[in-house]
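# Examination of the molecular architecture
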Amino acid sequence: MKILAINPGSTSTKIAVYEDKVSVWVHTIRHDVEELLPYATVTDQFDFRKSLIIDALKNAGISFTFDAIIGRGGVIKPIPSGVYEVNNTLIHDLKCSNRQHASNLGGLIAYELAILLSNCKAYIADPVVVDELDDIVRISGSPLLPRVSIFHALNHKAVARRYAHEQGVQYEEQNLIVCHLGGGISVAAHRKGKIVDVNNALDGEGPFSPERAGTLPAGELVNLCFSGQFTQEELHKMICGKAGLAAHLGTTNIIEVENRIREGDKYAELILEAMIYNVAKAIGGAAVVHYGQVDAILLTGGIAHSNFVVSRIKERISFLGPVFVYPGEDEMEALALNALGALTYKFPVKEYK
């Protein structure tokens with residue numbers, strides 16, 4: 001099976017070609033800020049990015065023949081995890097999403113390229129809005145502010161399945177805690193194949209991270225909003241983007257922070273240790289979701305490359321269950337394996353409604 005995976009980001013478009021489970025070509029198209037300035041919205045970039053993908057395939061000498069094309073799922077309405085064939089309803093929601101996010105282009109481009117071929121399917125899989133939460137989890141202290149599910153669903157599911165395969169167990173029979181450590185941090189309780197509890201890793205819940213504020217003191221946040229010191233846009237940036245390590249230390253680079261600590265920067269050490277503490281505490285909370293019956297804890301994401309961070313998290317959580325580390329995130333492989341699973345009937349193809 002020949003599969004094309006497409007993962008649009010804010011300043012890049014990653015593409016990869018797989019033959020079954022084997023990666024035969026991976027390429028990243030970089031987009032200068034100036035290149036994107038003429039486009040008022042992310043959706044307006046559609047033709048520009050699609051043409052670059054076609055040109056990149058042509059320049060690499062890759063024949064334009066695929067059994068499936070899969071794009072990164074966008075910010076659409078909450079849906080259960082899985083593989084979805086792109087249909088008219090999904091196309092409408094990707095185009096009309098109330099969040100302008102580059103990942104919205106993944107399914108749109110996959111569909112347009114697939115219709116150029118015969119017998120080629122267009123899919124998305126495990127977008128950030130995957131929602132399998134227990135009803136009790138949705139309840140916050142205000143009926144106006146229910147908890148929502150926005151997190152690194154694609155990598156969570158891929159790592160959980162990888163662990164299950166390596167251990168010779170069924171993902172659908174395990175109680176897992178998966179912690180994605182990246183620019184945002186998400187900690188989820190996976191119960192028997194479903195993610196039943198997870199923090200909103202995008203805009204305000206859970207541990208703070210290199211770029212995000214996580215949970216903040218609510219009263220002080222309200223006072224800040226009405227202080228007149230900041231615009232609404234500036235306040236959003238203070239929660240997502242210019243928050244966490246970026247706000248405290250002026251950098252999101254863990255290696256740089258570690259270097260500062262080695263050079264004797266006690267404040268940098270305090271802030272990084274505080275982030276680690278908050279992550280460990282969230283993992284402990286996820287163990288409560290499982291009534292303490294935890295089969296394994298999986299640490300993943302780019303920061304999982306850091307022995308400083310991982311070793312200190314382990315010191316706090318190892319008593320909860322065995323800890324496995326899967327550094328980085330291979331979104332292209334995850335997308336391709338989802339498409340392969342759909343083509344080979346290993347994964348049911350769901351209908352987006």
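Up top you'll find the structure we're talking about.
Residues numbered from 1 in each chain as written. Predicted model: local features only at pLDDT ≥ 70, side-chain atom pairs only at ≥ 80, totals over all residues. Heavy atoms only, no water.

### A few points about empty space enclosed by the protein
Heads up, the condition is: Only protein atoms enter the 1 Å grid used here, on which a cavity is any set of points holding a 1.4 Å probe that cannot leave and a pocket is any open set flanked by protein within 12 Å on both sides along at least five of seven lines; residues with an atom within 4 Å of a point are listed as lining. Grid points are joined across faces, edges and corners, and a volume is the space filled by probe spheres set on the points. Three categories are distinguished: nonpolar for Ala, Val, Leu, Ile, Met, Phe, Trp, Tyr, Cys and Pro, charged for Asp, Glu, Lys and Arg, and polar for the others, with Gly belonging to the last.
Applying the stated rule across the entire model yields one cavity of 30 Å³ or more. Considering only enclosed or pocket space, the largest cavity measures out at about 30 Å³ in volume. Along the walls of the largest cavity sit G184, I185, N200, A201, G204, E205, P207, S209, R212 and G214, which together make up its complete lining. Classifying every residue of the lining of the largest cavity gives three nonpolar, five polar and two charged.

### Quick look at the pattern of salt bridges
Spelled out, the test is: For salt bridges, the criterion is a side-chain nitrogen of Lys or Arg within 4 Å of an Asp or Glu carboxyl oxygen. A helix here means a DSSP run of H or I that spans at least four residues, while a strand means a run of E at least two residues long, and both kinds are numbered starting from the N terminus. Think of it in three bands: residues with accessible area under 20% of the maximum for their type are buried, residues over 50% are exposed, and the middle band is partly exposed, with areas taken using a 1.4 Å probe on protein chains only.
Under the definition given, this model contains 14 salt bridges. Two residues, D134 and R191, come together in a salt bridge whose shortest N-O distance is 2.8 Å. Of the two residues, D134 is situated in the loop between β6 (121–125) and α5 (153–167) and R191 in strand β8 (residues 185–191); the sequence distance between them amounts to 57 residues. With a relative accessible area of 30%, R191 lands in the partly exposed category. Here R138 makes a salt bridge to D135, at a shortest N to O gap of 3.7 Å.

### A look at the packing of helix α2 (residues 46–59) against helix α4 (residues 104–114)
Inclusion rule: Axes here refer to lines fitted to C-alpha atoms; in helices the fit is confined to the stretch in contact. Angles between the N-to-C directions go from 0 to 180 degrees. Angle categories are assigned with fixed cut-offs, so that under 35 degrees is roughly parallel, over 145 is roughly antiparallel, 65 to 115 is roughly perpendicular, and the rest are oblique. The crossing is said to be left-handed when, going from far helix to near helix, the turn is anticlockwise and less than a right angle, and right-handed when the turn is clockwise. In this description, contact between two residues means that some pair of their heavy atoms is separated by no more than 4.5 Å.
Contact geometry for α2 and α4: axes closest at 10 Å, N-to-C directions at 60°. By the angle class used here, α2 and α4 are oblique. The crossing of α2 and α4 is right-handed. Contacts between α2 and α4 involve F46, R49, K50, I53 and I54 on the former and, on the latter, L105, L108, I109, E112 and L113.

So, to be careful, I would describe these as geometric facts and stop short of saying anything about function.
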